[in-house]
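# Survey of secondary and tertiary structure
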Amino acid sequence: MIKAFFYIRMKQFIRTMKELGIVRMLFLLILFIFLVVAVFEYTSDSPHVYVTVLIYMAGIITIQLNRKDLAFLETRIHHYKRILIVEYMVLAIPLIAGLLYNHYYGMLILALVSVVLIPNIGKVPRVGIPNKLFLQWIPDDCFEWKAGIRKAFVWIVLIWTIGVATPFSLGTVPLAIVILGIIISGFYEYGEPLPMVLAFEKSNRRFLSHKITMHIKLFSVLSVPLICAFIAFHPDKWYIPVAAYLIFLSLHCYIILTKYAFYEPNTKSRASQTFGLIGILGVFIFLLLPVVWILAIYFYFKSKENLNFYLNDYY
Amino acid sequence: MITIKNLTVSYKSNKRVIDNLELLLHENHIHGIVGLNGAGKTTLLNTIYGLKKKDWGTITWNGQKYSKQVISFLPTENYFYSGITGREYLNLFKNPFFREDSWNDLFLLPLDKIIDEYSTGMKKKLALIGVLKQDKPLMILDEPFDRLDIETGK
């Protein structure tokens, strides 16, 4: 059964690569090399190595929490956790290699133990949020936010509270904006059903501008208190949280445009996920940021063209 | 009245699904389309709505070209965005005169619950309320009673 499962995984991988096409595949390969180089670079000195391991493990935990196949694996395969460990081990190869190369054996053991333990993390129960308290402030148009906040409510509240409560520390507020930015970028990965696009009764251009404007407003409501708290304690370093906020704002706009550039009703487009990942990597590998901004312009026109098929009757 | 003249629709594989169809759909009437599986019923509805391009032929409403703005459409399969409530879904459709709760007396849906918790039949009912709320002159319903219990179907 385990052998059959890995065979299916291999087939899935080949199918995904075929769907991406040769150009995107090459782009992804270059990006992967970039990522490996960045991991090797960041694991070479003492303060960065801890952050790198932390972010890498947070990434794998996010995958574990968002997997849709856990129930299937649990019922079909006896030792399904072994499969998860192997998969996560494969994902962690660049980190493991980086830590080995740079002789951080303590961190290596910590990373390996984490990879073995992560498959034991179960689904986080969805917290019942009092509608009148939080969600009523979010317009119904922003259903991505409503659904996203329901799914990640605990994390968002926890990180935001830590950020607001500890602005005296130089790192917490920018880090809180970065983590919140990454969580929020996941709100836009699923393509909504067609009636939900048509319900806006707007042209392609107005639809996109409405989506982006609403996002800017909501992300600003979340980030501005954090930025203000930071500036109150470090007025001379005001540009740090502002830069983090602006980078994520541009990244989110890029992700929204990517989603609608490849939009098909009721689907999670692999191409949009891949380009979304490139955007998130841009936050950590600054060289990629201009590429993300250029792609955002390209995707604006592509999403207008794609949406025109559905919204051509609206003005 | 919807007038369909010489409508021909085919798929990429050159498989002609609708061939030279002539049809009149009268105003204030309910028309049902019956046929074998794969006969092209859904293709016809998708073409009338504008989601499928026609090879040739004309479709007019009262002798004129029409747009999606005058039609509400219920697809065969009803998908919903995960993580929102039934009420939040209905609120997307702007119609200040529509009383959701009055309609819901008929359907008995838990509108304040997350849609993911709905059964398949409940999702169909929610999609139907969404279509009714749009209150457009033309309604295209593809298998509207599929998966509904007998009482609701009536």
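The shown structure was predicted, so the numbers you read here are calculated from the model rather than taken from an experiment.

What follows concerns the overall build of chain B. A count of helical and extended segments in chain B gives 5 helices and 5 strands. Scanning chain B from its N terminus toward the C terminus, one meets helices and strands in the order β-β-α-β-β-α-α-α-β-α. Expressed as lengths along the three principal axes of its C-alpha atoms, the size of chain B is roughly 45 × 30 × 30 Å. Counting every position in chain B, which comprises 154 residues, the buried fraction comes to 43%. Restricting the contact set of chain B to residue pairs at least 6 apart, pairs at least 24 apart contribute 61%.

This brings us to the domain arrangement of chain A. Residues and elements named next belong to chain A. Annotation of chain A at the domain level lists domain 1 (1-123) and domain 2 (127-315). Using only C-alpha atoms to locate each centre, domain 1 and domain 2 end up separated by 25 Å. In this complex, domain 1 contributes 12 residues to the contact, which on the side of domain 2 involves 12 residues. Where domain 1 abuts domain 2, roughly 1300 Å² becomes buried across the two surfaces, and 79% of that area is made up of carbon and sulfur atoms. Across the domain 1-domain 2 interface, the total number found is 0 salt bridges. Here the side of domain 1 that touches domain 2 gets 11 residues from one element, more than from any other, and that element is helix α1 (residues 2-42). Split into classes, the residues belonging to the side of domain 1 that touches domain 2 amount to 9 nonpolar, 1 polar and 2 charged.

Here the focus is the interface of chain A and chain B. The partner chain B presents 23 residues to the 28 residues of chain A that form the contact. Together chain A and chain B conceal approximately 2300 Å² of surface at their shared face, both sides included; 59% is due to carbon and sulfur atoms. Contact with chain B buries surface across chain A, with Asp140, Phe309 and Asp313 of chain A losing the most and accounting together for 22% of the total. Taken together, the connections running from chain A to chain B amount to 4 salt bridges. One salt bridge connects Lys136 of chain B with Glu201 of chain A, and the closest N-O pair in it is separated by 3.2 Å. Counting across the chain A and chain B interface gives 9 residue pairs in polar contact (both at pLDDT 80 or more). Where the side of chain A that touches chain B is concerned, the elements lending two or more residues are α7 (143-165), α9 (194-198) and α13 (289-311) of chain A. Broken down by element, the side of chain A that touches chain B gets its largest block of residues, 6 residues, from α7 of chain A.

Let us look at the pairing of strand β5 (residues 138-141) of chain B. Residue and element names in this part refer to chain B. Here β5 shows a clear split, with Leu138 and Ile140 buried on one side and none of Met139 and Leu141 buried on the other. Sheet topology places strand β4 (residues 71-74) next to β5; 4 bridges connect them, and they run parallel. Bridge pairing in β5 places Ser72 opposite Met139.

A separate point is the sheet that holds strand β3 (residues 56-61) of chain B. The strands that make up a sheet are held in pairs by hydrogen bonds between backbone atoms, and each pair lies either parallel or antiparallel. Residues and elements named next belong to chain B. In space, the 3 strands of this open sheet follow the order β2-β1-β3, with antiparallel pairing throughout. The sheet is open, and its two borders are formed by β2 (16-25) and β3, each paired with just one other strand. Strand after strand, the sheet turns through a mean of 15° between neighbouring axes, direction not considered. Where strand β1 (residues 2-10) meets β2, 6 bridges bridge the pair, whose relative direction is antiparallel. Following the sheet pairing, Ile2 is matched in β2 by Leu25. In the packing of helix α1 (residues 41-49) onto the sheet, the strands contacted are β1, β2 and β3, and the crossing angle to β1 comes to about 115°.

Before going further, it helps to spend a moment on the confidence of the model for chain B. Here chain B averages 87 in pLDDT, while 96% of its residues score no lower than 70. Per-element averaging of pLDDT across chain B places helix α5 (residues 150-153) of chain B at the bottom with 67 and helix α2 (residues 86-91) of chain B at the top with 92.

Inside soluble globular proteins, nonpolar side chains tend to come together where they are buried. Judged by nonpolar contacts, the single largest core of 107 residues is most densely connected at Trp145 and Tyr254 of chain A together with Ile48, Tyr89 and Leu126 of chain B. A per-element tally of this core places helix α11 (residues 239-261) of chain A first, with 13 residues. For Trp145 of chain A, the contacting residues outside a window of four places in its chain are Ile138, Ile184, Phe187, Tyr188, His215, Leu218, Phe219 and Leu222 of chain A. By size, the runner-up hydrophobic cluster in this structure holds 23 residues, among which are Phe5, Val39, Tyr56 and Ile60 of chain A.

Here is what the cut-offs are and how they apply
- Residues numbered from 1 in each chain as written.
- Chains lettered and ligands numbered in written order.
- Predicted model: local features only at pLDDT ≥ 70, side-chain atom pairs only at ≥ 80, totals over all residues.
- Heavy atoms only, no water.
- Helix = DSSP H or I, 4+ residues; strand = E, 2+ residues; numbered from the N terminus.
- Buried < 20%, exposed > 50% of the residue type's maximum accessible area, 1.4 Å probe, protein only.
- Contact = heavy atoms within 4.5 Å.
- Domains from an automatic or database assignment.
- Buried area = accessible area lost by both parts, 1.4 Å probe.
- Salt bridge = Lys/Arg side-chain N within 4 Å of Asp/Glu carboxyl O.
- Nonpolar A, V, L, I, M, F, W, Y, C, P; charged D, E, K, R; others polar.
- Polar contact = N/O pair within 3.5 Å; in protein donor to acceptor, adjacent residues only side chain to side chain.
- Pairing = 2+ DSSP bridges.
- Axes fitted to C-alpha atoms, helices over the stretch in contact; angles between N-to-C directions.
- pLDDT = per-residue confidence, 0-100.
- Core = buried A, V, L, I, M, F, W, Y, C linked by side-chain atoms within 4.5 Å.

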